[in-house]
Amino acid sequence: MPYFLECYTINRAEGMDRVTSCVGAGDLSVFYVNGIFCLLGLQVGVMFLLGCYLGEGILGGLVTVSAFFFNYNECTRVQWIPPLRESFSMPFLVLVSLFMSVMLKEGATRRRQVGLVLATLLFALPCSSVSFVLLTNMLSLFGSYVLGFLSKDKLSPVLDSMFSGVLYCYVVFSSSTQCSSAPCMFPPTLPSEPFSCSTPRFLLRVGS
């Protein structure tokens, strides 16, 4: 299958060994770049679904995708530098946002929680800045809860699912970066009522 992998033997100057050069989808570099652009296509698809869900119609998805393409240079660097870890993570970050939106709007089910766990896990695996990205999610959700816009029944499953995804990533792949992520702190510090001034149990354990 020449398309998959085709190799050539190149004769170099006298006294130098021959080298083999391969082209096709089976070559590691080509396979890597093709995978990156396939994930970019997945990202656009998930963005369309997210726009359709939040906009309650196809028009919302079309506006979202159009905004992405019109601001393509500001939204991604994959066309300039494909071998970036963020290129692997971005589609799953959008997927995390989709599952979070569904769970916060319609409530949590077992399938939705499993989906959020898997999306968080796939996002955290290649991303080195997962702590900062998830911190912004946690702060926005926690702020909405404190202001009374979210109930604990809707917020707790989201936090638990994201925490489980990051924890599983740390346990299986032994990444200290994922262990230091913000979700490791927020589930045990969620107060029972908005504007509660009780001391978080996490801080009590650290202090002792």
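What counts, and at which threshold
- Numbers given for residues are sequential positions, taken from 1 along each chain in its written order.
- The predicted nature of this model means local features are confined to residues of pLDDT at least 70 and side-chain atom pairs, given and counted, to a pLDDT of 80 or more, with totals for whole chains, interfaces and linings taken over all residues.
- Side-chain numbers here rest on the full set of heavy atoms in the structure, without hydrogens or water.
- Elements are defined by DSSP. Helices are runs of H or I of four residues or more, strands are runs of E of two residues or more, and each kind is numbered from the N terminus.
- Using a 1.4 Å probe on the protein chains alone, a residue whose accessible area is under 20% of its type maximum counts as buried, one over 50% counts as exposed, and one in between counts as partly exposed.
- For salt bridges, the criterion is a side-chain nitrogen of Lys or Arg within 4 Å of an Asp or Glu carboxyl oxygen.
- To estimate how far a helix should reach, multiply one less than its number of residues by 1.5 Å.
- Whether two residues are in contact is decided by their heavy atoms: any pair within 4.5 Å suffices.
- In this description, a line fitted to the C-alpha atoms serves as the axis of each element, helices being fitted only across the stretch in contact, and the angle between N-to-C directions of two axes falls anywhere from 0 to 180 degrees.
- Put simply, angles under 35 degrees are roughly parallel, angles over 145 are roughly antiparallel, angles from 65 to 115 are roughly perpendicular, and the rest are oblique.
- Handedness of a crossing is defined here by the sense of rotation of the near helix relative to the far one, left-handed for an anticlockwise turn of less than a right angle and right-handed for a clockwise turn.
- For this classification, Asp, Glu, Lys and Arg are treated as charged, while Ala, Val, Leu, Ile, Met, Phe, Trp, Tyr, Cys and Pro are nonpolar and the rest, including Gly, are polar.
- Counting of polar contacts relies on pairs of N or O atoms within 3.5 Å, with two restrictions inside protein: one atom must be capable of donating a hydrogen and the other of accepting it, and residues adjacent in sequence are counted only when both atoms are side-chain atoms.
- Think of it this way: a Phe, Tyr or Trp ring, Trp meaning its six-membered ring, pairs with another when their centres are within 6.5 Å, and the plane angle makes it stacked under 30 degrees, edge-to-face over 60, tilted otherwise.
- Working rule: Lys NZ or Arg CZ, within 6 Å of ring centre, within 35 degrees of ring normal, means a charge sits over the ring.
- Confidence of the predictor in every single residue is expressed as pLDDT, which spans 0 to 100.
- What the arc describes is the spread of directions from the helix axis to the C-beta atoms.
- Put simply, a patch holds well-exposed residues, over 30% relative accessible area, that have no salt bridge, with like charges counted together within 9 Å and Val, Leu, Ile, Met, Phe, Trp or Tyr side chains within 5 Å.
- The protein chains shown are the only cover counted for residues, whose accessible areas, like all others here, come from Shrake-Rupley with a 1.4 Å probe.

Asker: Honestly, the overall build of the chain in this entry has me stumped. Any pointers?
Answerer: The secondary structure content of the chain amounts to ten helices and two strands. The secondary structure elements of the chain, listed N-terminal to C-terminal, are β-β-α-α-α-α-α-α-α-α-α-α. Taken over 208 residues, the chain has a buried fraction of 36%.

Asker: Could you clarify how one ought to interpret the pattern of salt bridges in this entry?
Answerer: Pairing between side chains becomes possible if they bear opposite charge and their charged atoms approach one another. This model, assessed by the stated rule, comprises two salt bridges. K105 serves as the salt-bridge partner of E56, at 3.2 Å between the closest nitrogen and oxygen. One end of the pair, E56, is in the loop between α1 (28-55) and α2 (58-70); the other, K105, is in helix α4 (residues 85-106), with 49 residues separating them in the sequence. Judged by relative accessible area, which is 65%, E56 ranks as exposed. By relative accessible area, K105 is classed as partly exposed at 44%.

Asker: Please explain α1 as it appears in this structure.
Answerer: At 3.6 residues per turn, the α-helix brings residues three or four places apart onto the same side. Under the 1.5 Å per step criterion, the end-to-end length of α1 is 40 Å for 28 residues, consistent within 8% with the ideal 40 Å. The set of residues buried in α1 consists of I36, L39, L40, Q43, V44, V46, M47, L50, G51, C52 and Y53. Where the residues of α1 are buried, they touch α2, α3 (72-75) and α4. Once α1 finishes, E56 follows within two positions and takes phi at roughly 55°, a positive value.

Asker: Please clarify how the packing of α4 against helix α5 (residues 110-124) should be interpreted in this entry.
Answerer: Helix-helix packing: each pair is described by the crossing angle between the helix axes and the interaxial distance. Following both chains from N to C, one finds α4 and α5 inclined at 155°, their axes separated by 8 Å at the closest point. In terms of axis orientation, α4 runs roughly antiparallel to α5. The chirality of how α4 crosses α5 is left-handed. Mapping the contact onto sequence places S89, F92, L93, L95, V96, F99, M100, V102, M103 and E106 in α4 and R112, Q113, G115, L116, A119, T120, L122 and F123 in α5. Broken down by class, the residue content of the contact of α4 with α5 amounts to twelve nonpolar, four polar and two charged.

Asker: What is the right way to read the side chain of S161 from this model?
Answerer: Locating S161 in the fold gives a position in helix α7 (residues 152-173). Engagement of the side chain of S161 in a polar contact is seen with the side chain of Q113, the distance being 3.4 Å. At 2.8 Å, the side chain of S161 and the backbone oxygen of P157 are in polar contact. If near-sequence neighbours (up to four positions away) are discounted, S161 is found in contact with M103, Q113, L116 and V117.

Asker: Where do I start with the packing of aromatic side chains in this structure?
Answerer: When we look at a pair of aromatic rings, we describe it by the centre distance and by the angle of the planes. Evaluated as defined, the whole model comprises one aromatic pair. The ring of Y53 carries K105 above its face, with NZ or CZ at 5.1 Å from the centroid.

Asker: What exactly am I supposed to notice about the confidence of the model for the chain here?
Answerer: Fine structural detail should not be taken from predicted coordinates in areas where pLDDT scores are low. Across the chain, the average pLDDT comes to 76, with 78% of residues at or above 70. When pLDDT is averaged over each element of the chain, α2 comes out on top at 89 and helix α10 (residues 201-207) at the bottom at 40. Across residues 194-208 the pLDDT falls below 50, and counting only partners more than four positions away or on other chains, this stretch makes twelve contacts in the model.

Asker: In this structure, what is going on with helix α6 (residues 130-146)? I would like to understand it.
Answerer: Compared with an ideal rise of 1.5 Å per residue, which puts 17 residues at 24 Å, α6 spans 24 Å between its outermost C-alpha atoms and is within 8% of the ideal. Where α6 is concerned, the buried positions are V130, S131, L134, N137, M138, L141 and Y145. The arc that holds every buried residue of α6, seen down its axis, measures 135°, which confines them to one face.

Asker: What am I meant to see in a nonpolar patch on the surface here?
Answerer: Side chains of Y8, I10, V19 and V23 sit close together on the surface and give an oily, nonpolar patch of about 310 Å² of accessible area. Within the residue set of the nonpolar patch, elements represented by two or more residues are β1 (6-10) and β2 (19-23). Mapped onto the elements, V19 comes out in strand β2. Residue class for V19 comes out partly exposed when judged on its relative accessible area of 30%.

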